[in-house]
Amino acid sequence: IPGAPLCACIEQMPAVERADCRRVSAGQVKYTFSHDAATGEISGSTAVDVQYEDCPDDLAATFKALHPDRADAIDEHLVGDCDRDLFDYLNEEKFLVPGRSKTKYLDIAED
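Computed from a prediction, not measured in an experiment: that's the story for all the values here.

Cut-offs and rules
- Residues numbered from 1 in each chain as written.
- Predicted model: local features only at pLDDT ≥ 70, side-chain atom pairs only at ≥ 80, totals over all residues.
- Heavy atoms only, no water.
- Helix = DSSP H or I, 4+ residues; strand = E, 2+ residues; numbered from the N terminus.
- Buried < 20%, exposed > 50% of the residue type's maximum accessible area, 1.4 Å probe, protein only.
- Contact = heavy atoms within 4.5 Å.
- Core = buried A, V, L, I, M, F, W, Y, C linked by side-chain atoms within 4.5 Å.
- Patch = residues over 30% accessible without salt bridge, like charges linked within 9 Å, V, L, I, M, F, W, Y side chains within 5 Å.
- Areas by Shrake-Rupley, 256 points an atom, 1.4 Å probe, with all protein chains shown as cover.
- Salt bridge = Lys/Arg side-chain N within 4 Å of Asp/Glu carboxyl O.
- Disulfide = S-S within 2.5 Å.

(A) Main features of the overall build of the protein. A tally of helices and strands in the protein yields two helices and four strands. Of the regular secondary structure in the protein, the N- to C-terminal order runs β-β-β-β-α-α. Across the 111 residues that make up the protein, the buried fraction comes to 9%. In the protein, 52% of the contacts between residues at least 6 apart in sequence involve partners at least 24 apart.

What follows is the structure, given as structure tokens:
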């Protein structure tokens, strides 16, 4: 969706029909510290192996399985089939004109 954030809390994302789910797992965290005796400077860094994998279901089903006490909280953001709502919106905004062709393509008979 143009203009939508690539990563955000679901409350900041636009409503969509469905969303895939990804799981993140991290391995052991490795901390490294060093000290420069000449300058007295101390530095540190961390490293971790991060792995991503697909969830067995879509985001809505995974959320509902993990949070059964608030399972309906995600329904406002992942709304399922949008065909009727999209049709109504386009009609209200005058993008679809009643009585016109139902498709944007015309069949041309071959001679």
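Following the structure, the description resumes.
(B) Local environment of the nonpolar core. Ala19, Ala60, Phe63, Ile74 and Leu78 together form the largest nonpolar core, which totals five residues. With residues up to four places along the chain from it excluded, the contact list for Ala60 reads Ile74 and Leu78.

(C) Local environment of a nonpolar patch on the surface. On the surface, Val24, Val29, Tyr31, Phe33, Val48, Val50 and Tyr52 cluster together into a nonpolar patch covering about 720 Å² of accessible area. Elements that contribute at least two residues to the nonpolar patch include exactly strand E2 (30–36) and strand E4 (50–54). Tracing the sequence through the fold places Val50 in strand E4.

(D) Local environment of the state of the cysteines. Within the structure shown, the criterion is met by one disulfide. In this model, Cys21 is linked to Cys55 through a disulfide, with the two sulfur atoms separated by 2.1 Å. Its S-S torsion of approximately -40° makes the covalent link between Cys21 and Cys55 left-handed. Of this pair, Cys21 sits in the segment before strand E1 (22–26) while Cys55 sits in the loop between E4 and helix H1 (59–66), and the two are 34 residues apart along the sequence. We classify Cys21 as buried; its relative accessible area is 9%. Looking at Cys55, the relative accessible area reads 9%, which means it is buried.

(E) Structural detail: the environment of Gly80. Within the secondary structure layout, Gly80 lies in the loop between H1 and helix H2 (83–92). In the structure, Gly80 is positioned 64 residues away from Val16 in sequence and 7.4 Å away in space, judged by C-alpha atoms. Those residues in contact with Gly80 that lie beyond four places of it in its chain are Val16 and Glu17.

(F) The arrangement of the pattern of salt bridges in detail. Throughout the structure, instances matching the rule amount to three salt bridges. Asp54 is the partner of Arg22 in a salt bridge, and the nearest nitrogen-oxygen pair spans 2.7 Å. Of this pair, Arg22 sits in strand E1 while Asp54 is found in strand E4, placing the two residues 32 residues apart along the sequence. Given a relative accessible area of 56%, Asp54 falls into the exposed group. Lys64 is the salt-bridge partner of Asp75, the closest N and O atoms lying 2.9 Å from each other. Taken together, the residues span a long stretch of sequence, with Asp75 in the loop between H1 and H2 and Lys64 in helix H1 at a distance of 11 residues.

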